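# Overview (structure and organization)
Letter by letter, the chains look like this.
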Amino acid sequence: MAECARVTATTLLRLKERGEKISCVTSYDASFTCLLEDAGVEIVLVGDSLGMVLQGHDSTLPVTMEDMVYHASCVARAGRSALRIVDMPFMSYSRVDQALDNAARLMREGGAQMVKLEGGEQVSGIVAALTAQGIPVCGHLGLIPQSVHQLGGYRVQGRDAESAQRLRDDALLLQEAGASALVLECIPTALAKQVSESLKIPTIGIGAGPECDGQVLVLYDLLGITPGKRPGFSHNFLEHAADIPAALRAYVEAVKAGSFPAQQHSFD
Ligand code: KIV
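Per chain, the residues get numbers from 1 upward, laid out in the order the sequence is written. With pLDDT at 70 or above as the cut-off, local features in this predicted model cover only qualifying residues; side-chain atom pairs require 80 or more to be listed or tallied, and sums for whole chains, interfaces and linings still use all residues. As a rule here, side-chain values come from all non-hydrogen atoms in the structure, and water together with hydrogens is ignored.

Quick look at helix α1 (residues 9-18) now. Buried means the residue's accessible area, taken with a 1.4 Å probe over protein chains only, is under 20% of the maximum for its type, while exposed means over 50%, and partly exposed covers the values in between. For the purposes of this entry, the term helix denotes a DSSP run of H or I that reaches at least four residues, the term strand denotes a run of E that reaches at least two, and both are numbered from the N terminus. The set of residues buried in α1 consists of Leu 12, Leu 15 and Lys 16. Here the buried residues of α1 occupy an arc of 100 degrees about the axis, which is enough to place them on one side. Summarising the geometry of α1, the exposed residues directed more than 90 degrees from the buried face are Glu 17 and Arg 18. Residue contacts are defined here by distance: any two heavy atoms, one from each residue, within 4.5 Å place the two residues in contact. At its buried positions, α1 is contacted by β1 (22-26), β2 (43-46), β3 (83-87) and α9 (189-198). Regarding the arc, it is the one traced by the directions from the helix axis to the C-beta atoms.

Think of it this way: side chains of opposite charge can pair up when their charged atoms draw near. Salt bridges are identified by distance alone: a Lys or Arg side-chain nitrogen within 4 Å of an Asp or Glu carboxyl oxygen. Counted under the stated rule, the structure contains eleven salt bridges. Residue Arg 80 pairs with Asp 38 through a salt bridge whose shortest N-O separation is 3.0 Å. One end of the pair, Arg 80, is in the loop between α4 (65-78) and β3; the other, Asp 38, is in helix α2 (residues 30-39), and 42 residues separate them in sequence. On the basis of relative accessible area, Arg 80 is assigned to the partly exposed category, the value being 25%. Residues Lys 256 and Glu 42 are paired through a salt bridge, measuring 2.5 Å at the closest nitrogen-oxygen approach. Note that Lys 256 is positioned in helix α11 (residues 244-257) and Glu 42 in the loop between α2 and β2, a separation of 214 residues in sequence.

Further remarks concern the site of the ligand. Close to the ligand lie Thr 26, Leu 45, Gly 47, Asp 48, Ser 49, Asp 87, Lys 116, His 140, Val 183, Glu 185, Ile 206 and Val 218, which account for all nearby residues. For the ligand, an oxygen atom lies 3.1 Å from a polar atom in the side chain of Asp 48. Here an oxygen atom of the ligand sits 2.6 Å away from a polar atom, N or O, in the side chain of Ser 49. The method behind every accessible area is Shrake-Rupley, applied with a 1.4 Å probe, and residues are considered shielded solely by the protein chains displayed. Contact with the protein chains hides 95% of the accessible area of the ligand, taken as 260 Å² for the molecule alone. Residues are grouped as follows: Ala, Val, Leu, Ile, Met, Phe, Trp, Tyr, Cys and Pro are nonpolar; Asp, Glu, Lys and Arg are charged; all remaining types, including Gly, are polar. Within the shell around the ligand, the residues separate by chemical class into four nonpolar, four polar and four charged. Summary of the distance rule: residues count as near a molecule or strand when at least one heavy atom falls within 4 Å of that molecule or strand. Counted as a polar contact is a pair of N or O atoms within 3.5 Å, where, for protein atoms, one must be capable of donating a hydrogen and the other of accepting one, and residues adjacent in sequence contribute only when both atoms are in side chains.

In this section: unusual backbone geometry. One can expect most non-glycine residues to show negative phi and most peptide bonds to be in trans. Cis geometry is adopted by the peptide bond preceding Pro 261, which originates at Phe 260 and carries an omega value of 0 degrees. Structurally, the position occupied by Pro 261 is in the segment after α11. Although it is not a glycine, Met 91 adopts a positive phi angle of roughly 65 degrees. When you line up the elements, Met 91 lands in the loop between β3 and α5 (96-108).

A few words now on the packing of α5 against helix α6 (residues 121-132). Closest axis-to-axis distance for the α5/α6 pair is 10 Å, and the angle between their directions is 45 degrees. Comparing their axes, α6 and α5 come out oblique. When you trace α5 past α6, the crossing you get is right-handed. Packed against α5, whose contacting residues are Val 96, Ala 99, Leu 100 and Ala 103, the element α6 presents Ile 126, Ala 129 and Leu 130 at the interface. Considering only residue class, the contact of α5 with α6 consists of seven nonpolar, no polar and no charged. Every angle, taken between N-to-C directions, lies between 0 and 180 degrees, and every axis is a line fitted to C-alpha atoms, over only the stretch in contact when it is a helix. For classification purposes, angles smaller than 35 degrees are called roughly parallel, those larger than 145 roughly antiparallel, those between 65 and 115 roughly perpendicular, and all remaining angles oblique. Rotating anticlockwise by less than a right angle from the far helix to the near helix defines a left-handed crossing, while the corresponding clockwise rotation defines a right-handed one.

Here we come to the sheet that holds strand β4 (residues 114-116). On the basis of which strands lie adjacent, the closed barrel formed by eight strands has the order β1-β2-β3-β4-β5-β6-β7-β8 and parallel pairing. Adjacent strand axes in the sheet meet at a mean angle of 25 degrees, parallel and antiparallel pairs treated alike. Two strands form a pair only when DSSP identifies at least two bridges running between them. In terms of strand pairing, β3 meets β4 through three bridges, oriented parallel. The residue of β4 that forms the bridge with Val 86 is Val 115. Set on the sheet, helix α8 (residues 161-176) makes contact with β5 (137-142) and β6 (181-185); between it and β5 the angle comes to about 175 degrees.

Turning our eyes to something else, we now look at the pairing of strand β8 (residues 214-217). The alternating pattern of β8 places Gly 214 and Val 216 and Gln 215 and Leu 217 on opposite faces, both of which are buried. When β1 meets β8, the two strands line up parallel, connected through four bridges. Each residue of the ladder has a partner; that of Ser 23, found in β8, is Gln 215. For strand β7 (residues 203-206) and β8, the ladder comprises two bridges, and the chain directions are parallel. For Gly 205, the partnering residue across the bridge sits in β8 and is Gln 215.

Printed below as a string of structure tokens:
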């Protein structure tokens, strides 16, 4: 098999500078990781969404460090080219010493190349401590699922002037703290555009419109196999594809071409 170049945080910066969209999909196992890399995704995210789509919970809160290490290591065994970002689960980064230990474990045992954690100002000190130790970090703002009970449900964030300003400030704080990338979930298109333009680091959107530097979808939503109602910002790429590899290629092509997400997958 031909050697493929590894995607790193530097690659993501170059893609942003060149205006080339970044494609990211969640993965929780070895087989899908191979298919995703063959389709050309730059990032595989071992998301704590596994608590919902694999384990059947109604939130990501029950997901443990053991779950994340197990699935990250399954993904890492197959990973060759894509950057592997692994979610830090709920309450695994509430203190600096705990966050350092858990991030180190995700890297050592789970093969993570970057860790992702949710929140703005309240986690900026944690982000700074992790990046000071050479641990690359991806931030996550907007609809942060680990705070679903505080947010009062899975709903679009940043719609009023005050929360939009807080999100813009938080994005800059995370960049200053050393974050290498930032997921923006379920925020208005115009706000995501402002944040993306204000940052040097790439933004990866989900329900955040087409102006982000990249896009991420939960694998099971992309394939239309998530039980229950599919999130409105998602799209079933398997519906008009011959098979799963073709659906994954169609997603990567649509992200690169800027045709996904379209207006019906975005919020005002
Ligand atoms: O856990 C996850 O899959 C995520 C994405 C929705 C961005 O955080």
